[in-house]
Amino acid sequence: MSGNTIGKLFSVTSFGESHGAGIGCVVDGCPPGLELSEADIQPELDRRKPGTSKFVTQRKEEDKVEILSGVFEGKTTGTPIALLIRNTDQRSYDYAKIQQVFRPNHADYAYIQKYGIRDHRGGGRSSARETAVRVAAGAIARKYLKQRLGIQIRGCTEQVGDIHCEIRDWSAVGNNPFFCADPDKIPQLETLVEGLRGEGDSIGAKLYVEATGVPPGLGEPVYDRLDAEIAFALMSINAVKGVEIGDGMRVAGMRGTEHRDEMTPQGFLANHSGGVAGGISTGQTIYARYAIKPTSSITTPGKSIDEQGNAVDMRTTGRHDPCVGLRATPIAEAMLALVLMDHYLRHRAQNADVVPGTPRIPA
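Procedures and definitions
- Every chain's residues receive numbers from 1 upward, in the order its sequence appears when written.
- Restriction of local features to residues with pLDDT of at least 70 applies here, the model being predicted, together with a cutoff of 80 or more for giving and counting side-chain atom pairs; totals for whole chains, interfaces and linings are based on all residues.
- Derived side-chain values reflect all non-hydrogen atoms in the structure, with water molecules and hydrogen atoms excluded from consideration.
- Helical segments are the DSSP runs of H or I of at least four residues, strand segments are the runs of E of at least two, and each set is numbered from the N terminus.
- This radius of gyration counts C-alpha atoms alone. The globule rule is 2.2 Å times how many residues there are, raised to the power 0.38.
- For each residue, the accessible area found with a 1.4 Å probe, counting protein chains only, is set against the maximum for its type, and the residue is called buried under 20%, exposed over 50%, and partly exposed in between.
- Note on contacts: a residue pair qualifies if any of its non-hydrogen atoms lie within 4.5 Å across the two residues.
- The method behind every accessible area is Shrake-Rupley, applied with a 1.4 Å probe, and residues are considered shielded solely by the protein chains displayed.
- For the charge count, each Lys or Arg is scored as positive and each Asp or Glu as negative, with His and the chain ends excluded.
- Each charge is placed at NZ for Lys, CZ for Arg, CG for Asp and CD for Glu.
- Only Phe, Tyr and Trp rings take part, Trp by its six-membered ring, and two of them pair if their centres are within 6.5 Å. Stacked means planes under 30 degrees apart, edge-to-face means over 60, and tilted covers everything else.
- The criterion for a charge sitting over a ring is simple: Lys NZ or Arg CZ within 6 Å of the ring centre, and within 35 degrees of the ring normal.
- Think of it this way: DSSP has to see at least two bridges between two strands before they count as a pair.
- Note on definitions: angles span 0 to 180 degrees between N-to-C directions of axes, and those axes are lines fitted to C-alpha atoms, for helices only across the stretch in contact.
- Angle categories: roughly parallel below 35 degrees, roughly antiparallel above 145, roughly perpendicular from 65 to 115, and oblique for all the rest.

Student: Would you take a moment to explain the overall build of the protein chain for this structure?
Tutor: Each helix and strand counted, the protein chain has seven helices and 18 strands in total. In summary, the protein chain has a C-alpha radius of gyration of 21 Å against a globular reference of 21 Å for 363 residues, a match within 12%. Going through the 363 residues of the protein chain one by one, you find that 49% of them count as buried. Look at the contacts in the protein chain between residues 6 or more apart in sequence, and 71% of them connect residues 24 or more apart. When the accessible surface of the protein chain is split by element, carbon and sulfur atoms take 52% of a total near 17100 Å². Side chains of the protein chain carry 42 positive and 44 negative charges; the gap between the two charge centres is 2 Å.

Here you go:
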């Protein structure tokens, strides 16, 4: 299997399966001298880990990260950083009944067509369990970006089903299990998710992520455009089916006089483009939205086929999220951090000596 690495100068290669001994990654290209310990990474993993509330999967994983290499006397050495998270609460017997059956809208059928073999235990490599290592690697990038450039990355839930949440209070995001910045909507979200669990159904979600303090100049303006690589990173997250940068799909109904981000000596007058122009960061806030499909593992019976191609009615058992989007915010934040970190190092390598004659205007 190829395609397990993201990034060019700051690269992350992940490994492991949902019900294997553990999952992990190798982070290559981290500059030396960054103070780093498990304590810098663990808080981000704790935000993502399963079993944190009654509204998500009840799989109980500690998600304790171990740094195996790349750090000496509390600082990065510039060598590959190996991170390991051991699996401790696998219940593989939950999947015994579907060993010969393909779950609708899962990767089961596609995997067997591609590889001729699949790990049916929780989806194996295709499981969202893999995203824990993205969060771990992203924590390293986030710390460097914040210390070196003052970049802040944050995200929240904007929609679950037909419940729309405004960004009213960022401080509320960490105080509820929905990563919601609209405290008044919490009771509605609780009622919706509890009802879905009782019905054996699931729901989709739309989420928002942003980075402030990003300097202008990041991004390669042809194939490796900054917005293209952000979209690629977000689309690589399990269950994501749509990504918008800036105004996204709304631009189809806008005029040029509405969408253009006018500039004055005092700063930009708008940010419809999401902080990226021509594939390069402008110094404005970079923001994106991404849509996550309803969890495919539901207890409501559905039509499928078995490995011999026979028609079957199947029902998924086990511990699953009624809305997989509820734990996606830390993952998207991590992916955005990884892209920005990689492009900062690429920009520094080629353009560190560039001194533009045009002054930098405020965001």
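Student: What am I meant to see in the packing of aromatic side chains here?
Tutor: Centre distance and the angle of the planes are the two values used to describe a pair of aromatic rings. Per the stated rule, a full pass over the model turns up five aromatic pairs. Judged by centre distance (6.3 Å) and plane angle (45 degrees), the rings of Tyr-144 and Tyr-344 are tilted. In this pair, Tyr-144 sits in helix 3 (residues 131–149) while Tyr-344 sits in helix 7 (residues 329–351), placing the two residues 200 residues apart along the sequence. Of the two residues, Tyr-144 and Tyr-344, both sit in the buried class. Against the face of Tyr-115 rests Lys-114, its NZ or CZ located 5.5 Å from the ring centre.

Student: Would you explain the sheet that holds strand 10 (residues 205–212) in this entry?
Tutor: Within a sheet, adjacent strands bond to each other through the backbone by hydrogen bonds, running parallel or antiparallel. Overall, antiparallel pairing links the five strands, which are arranged 9-8-10-16-11 in an open sheet. Each having just a single partner strand, strand 9 (163–164) and strand 11 (240–245) make up the two edges of the open sheet. Pairing of strand 8 (residues 152–160) with strand 9, which is carried by two bridges, proceeds in the antiparallel orientation. In the strand pairing of strand 9, Val-160 is matched with Ile-163. In the packing of helix 5 (residues 226–235) onto the sheet, the strands contacted are strand 10, strand 11 and strand 16 (286–292), and the crossing angle to strand 11 comes to about 155 degrees. Taken strand by strand, helix 7 contacts strand 8, strand 10 and strand 16, and its axis lies near 140 degrees from that of strand 8.

Student: Teacher, can you tell me more about unusual backbone geometry here?
Tutor: Negative phi is the rule for most residues except glycine; trans is the rule for most peptide bonds. Positive phi outside glycine occurs at Asp-63, with the angle close to 55 degrees. In this fold, Asp-63 is placed in the loop between helix 1 (38–48) and strand 4 (65–67). What makes Asp-63 buried here is its relative accessible area of 1%. The phi dihedral of Phe-179 falls on the positive side, at around 55 degrees, and the residue is not glycine. Within the fold, Phe-179 resides in the loop between strand 9 and helix 4 (186–199).

Student: Looking at this structure, I do not really get helix 1. What am I missing?
Tutor: One turn of an α-helix holds 3.6 residues; hence residues three or four places apart share an orientation. Restricting attention to buried positions, one finds in helix 1 the residues Ile-41, Gln-42, Glu-44, Leu-45 and Arg-48. Buried residues along helix 1 sit in contact with strand 4, strand 7 (81–86), helix 3 and helix 7.

Student: Help me understand the packing of helix 1 against helix 7, please; the structure alone is not making it clear to me.
Tutor: For any two helices packed against each other, one specifies the inter-axial angle together with the distance between the axes. For the pair helix 1 and helix 7, the least separation of the axes is 8 Å and the interaxial angle reads 135 degrees. In terms of orientation, helix 1 and helix 7 fall into the oblique class. Only Thr-329, Pro-330, Ile-331 and Glu-333 of helix 7 make contact with helix 1, whose side of the interface consists of Glu-44, Arg-47 and Arg-48.

Student: So what exactly am I meant to see when it comes to the sheet that holds strand 4 here?
Tutor: Pairing is antiparallel across the open sheet formed by five strands, whose spatial order is 1-2-3-7-4. The outermost strands of the open sheet, each flanked by one partner alone, are strand 1 (5–6) and strand 4. Sheet topology note: the strand 2 (residues 11–16)/strand 3 (residues 22–28) ladder contains six bridges and is antiparallel. By the bridge assignment, Phe-15 is partnered in strand 3 with Gly-24. The strands touched by helix 1 within the sheet are strand 4 and strand 7, with strand 4 carrying the most contacts at an inclination of about 155 degrees.

As far as function goes, none of this settles anything; it's purely spatial.
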